[in-house]
Amino acid sequence: MKRIMVCTEDETALVKLRGMIGKLFPDRFAVCGYVSARQLMYEIEDGFADAAYLFFLDLEMREMGGMELAKKLQKKMPAAKIIFFTGCPLRAEEIFDGIYPCGLLFQPFCEARLKRCILKELENEGKGGGFVKINKQGRHYHIPADEIFYVESRGRKLLIFKENETEYVYERISNFCLLYKEKFIRCHQSYAINLSHAAEISTKGIRLKNGVIVPVSRKNYQDIQMKIFSGNGGRNENL
């Protein structure tokens with residue numbers, strides 16, 4: 001279940017948003033509510049917010065306004081998707097000052113507009129894009145998912161192969177595939193591919209668009225064959 005985080009000092013607004021999201025997208029999102037920016041910042045520092053799908057931030061908070069919170073959030077999580085909400089339409093122009101939100105809602109909330117904002121992000125996700133978060137030596141940064149061809153597990157390290165560069169992180173391949181299941185599929189005990197870069201498949205392995213051949217296990221072969229076959233116009237050839 002995808003996680004949505006809502007931050008507002010207005011508990012009535014928090015309850016309203018949580019109820020509307022639950023009604024519009026039943027069993028699709030887990031909504032976490034925070035009644036102060038400080039509470040949400042704790043979650044961001046602890047890494048709990050890393051898996052958040054969307055952030056709804058109130059522009060009108062007194063302790064720390066939504067704009068300031070968004071700037072801190074984007075420093076920690078450059079790929080964070082933010083939707084602002086406000087009861088003051090005059091503040092709408094301010095939100096484009098260095099912040100690139102996914103949407104803006106006005107109070108009282110309009111159910112149709114809320115639905116459109118969330119659907120837009122779900123549709124964009126289905127078109128590809130997205131980022132893979134890398135934690136290495138205490139630093140956090142993001143790699144566009146489309147730049148990654150495949151990953152390989154070697155001992156405690158997970159190697160991330162791009163066109164002309166290889167990164168590594170200390171991560172389990174099973175956890176990686178769970179976090180980024182919209183883009184990556186596990187084809188072998190030690191390998192997962194970005195399905196959008198798969199060109200051909202045979203019993204010898206999966207040929208990626210950069211020419212690399214990645215092993216495929218017998219138990220995963222049929223499932224991956226069907227996905228590659230349906231995704232690239234039916235190319236299923238001998239390597």
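Residues numbered from 1 in each chain as written. Predicted model: local features only at pLDDT ≥ 70, side-chain atom pairs only at ≥ 80, totals over all residues. Heavy atoms only, no water.

Enquirer: What's the story with the sheet that holds strand β8 (residues 148-154) in this structure? I'm lost.
Expert: Across a sheet, paired strands are connected by hydrogen bonds in the backbone, their directions being either parallel or antiparallel. Taking strand neighbours across the sheet as the criterion, the 5 strands line up as β10-β9-β8-β12-β11 in an open arrangement whose pairing is antiparallel. Across the chains shown, the open sheet's two edge strands, defined by having one partner strand only, are β10 (166-170) and β11 (184-188). With direction set aside, neighbouring strand axes in the sheet form an average angle of 25°. Of the strand pairs in this sheet, β8 and strand β9 (residues 157-162) are connected by 6 bridges, and their pairing is antiparallel. Paired with Glu 152 across the two strands is Leu 159, which belongs to β9. (Pairing = 2+ DSSP bridges. Helix = DSSP H or I, 4+ residues; strand = E, 2+ residues; numbered from the N terminus. Axes fitted to C-alpha atoms, helices over the stretch in contact; angles between N-to-C directions.)

Enquirer: Help me understand the environment of Arg 154 in this model?
Expert: In this structure, Arg 154 sits in strand β8. Along the backbone, Arg 154 and Tyr 191 are 37 residues apart, and their C-alpha atoms lie at a distance of 9.6 Å. Once residues within four sequence positions are removed from consideration, Arg 154 is found in contact with Leu 159 and Phe 161. (Contact = heavy atoms within 4.5 Å.)

Enquirer: Whenever I open this one, the layout of surface pockets confuses me. Can you help?
Expert: Empty space among the atoms becomes apparent when a probe as large as a water molecule is rolled across them. One number sums up the size of the second largest pocket: a volume of about 160 Å³. Along its surface, the second largest pocket is lined by Ser 153, Gly 155, Arg 156, Glu 171, Arg 172, Ile 173, Ser 174, Arg 186, Gln 189 and Ser 190. (1 Å grid on protein atoms, 1.4 Å probe; cavity = no way out; pocket = protein on both sides within 12 Å on 5 of 7 lines; lining within 4 Å. Points joined across faces, edges and corners; volume = space filled by probe spheres on them.)

Enquirer: Please clarify how the pattern of salt bridges should be interpreted in this entry.
Expert: Any two side chains of opposite charge can pair, so long as their charged atoms come close to each other. Tallied over the full model, the rule gives 10 salt bridges. Glu 111 is paired through a salt bridge with Lys 23; the nearest N and O atoms lie 3.3 Å apart. Of this pair, Glu 111 sits in helix α4 (residues 111-126) while Lys 23 is found in helix α1 (residues 11-24), placing the two residues 88 residues apart along the sequence. In this structure, Glu 167 engages Lys 162 in a salt bridge whose closest nitrogen and oxygen atoms are separated by 3.8 Å. The class of Glu 167 is buried, set by a relative accessible area of 9%. In the salt-bridge network here, residues are joined through shared partners; they are Lys 162, Glu 165 and Glu 167. (Salt bridge = Lys/Arg side-chain N within 4 Å of Asp/Glu carboxyl O. Buried < 20%, exposed > 50% of the residue type's maximum accessible area, 1.4 Å probe, protein only.)

Enquirer: Where do I start with the packing of aromatic side chains in this structure?
Expert: Aromatic ring pairs are defined here through the distance separating the ring centres and the angle between the ring planes. All chains considered together, the criterion is met by 8 aromatic pairs. Each ring, one from Tyr 168 and one from Tyr 170, has its centre 6.0 Å from the other, and the planes form 90°; the classification is edge-to-face. Linked through ring pairs, Phe 25, Phe 29 and Tyr 53 together constitute an aromatic cluster. Here the basic side chain of Arg 3 rests over the ring of Phe 48, its NZ or CZ set 4.0 Å away from the ring centre. Just above the ring of Tyr 168 sits the side chain of Lys 157; from NZ or CZ to the centre is 4.3 Å. (Phe/Tyr/Trp six-rings, centres within 6.5 Å; stacked < 30°, edge-to-face > 60°. Lys NZ or Arg CZ within 6 Å of the ring centre and 35° of its normal.)

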